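Observations on chain architecture
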Amino acid sequence: MSTSPHRSLFIKDLMSSLPGLPPDVQISVLGVAVDVTNPDPETHPTRPLVVTLDDGTGVVSCVLFGHKELDHLRGVKIGDSFHARGVLMVSQFYQQTQLKCSALKV
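Now for a quick tour of the structure. Small disclaimer: the values here were computed from a predicted structure and weren't measured. (Residues numbered from 1 in each chain as written. Predicted model: local features only at pLDDT ≥ 70, side-chain atom pairs only at ≥ 80, totals over all residues. Heavy atoms only, no water.)

Looking only at helices and strands, the chain features one helix and six strands. Of the regular secondary structure in the chain, the N- to C-terminal order runs β-α-β-β-β-β-β. Radius of gyration (C-alpha) of the chain: 13 Å, near the 13 Å computed for a compact globule of 106 residues. In the chain, buried positions account for 35% of the 106 residues. For the chain, the proportion of contacts with a sequence separation of at least 24, taken over those separated by at least 6, is 47%. The centroid of the 9 positive side-chain charges in the chain is displaced by 4 Å from the centroid of its 10 negative side-chain charges. (Helix = DSSP H or I, 4+ residues; strand = E, 2+ residues; numbered from the N terminus. Rg over C-alpha atoms; globule rule 2.2 N^0.38 Å. Buried < 20%, exposed > 50% of the residue type's maximum accessible area, 1.4 Å probe, protein only. Contact = heavy atoms within 4.5 Å. Lys, Arg positive; Asp, Glu negative; His and termini not counted. Charge placed at Lys NZ, Arg CZ, Asp CG, Glu CD.)

Structure (structure tokens):
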């Protein structure tokens, strides 16, 4: 059981609360996948699964490392519904806000 604070938010509310959000708070969002980047594990074994979720109020990219061992994420596709939980981060590579997931459920 995590002792970190937790908040379930609409994506619009998440993005608007960014400046005042503590860095260790766990965030949960629900949404439909509008983009999926699932790298080939043979050629890019360390790249994460990236699922962009839309909940009708906004979109956020959800990043999950170590997804290759998770059978339920093998056939992920656009249109699937997800529950994502993790911490917010700003990607150094893409310079965008992402949810670094500890859990991604279909």
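This part covers the pattern of salt bridges. Tallying each qualifying case throughout the model produces one salt bridge. Across the pair Lys77 and Asp80 runs a salt bridge, and its minimum N-O distance is 3.1 Å. (Salt bridge = Lys/Arg side-chain N within 4 Å of Asp/Glu carboxyl O.)

Take the environment of Ile11 next. Mapped onto the fold, Ile11 is located in helix H1 (residues 11–16). For the pair Ile11 and Gly56, spaced 45 residues apart in the sequence, the C-alpha separation amounts to 8.4 Å. The contact partners of Ile11, leaving out residues within four places of it in the chain, are Val29, Leu53, Asp54, Asp55, Thr57, Gly58, Val59 and Val60.

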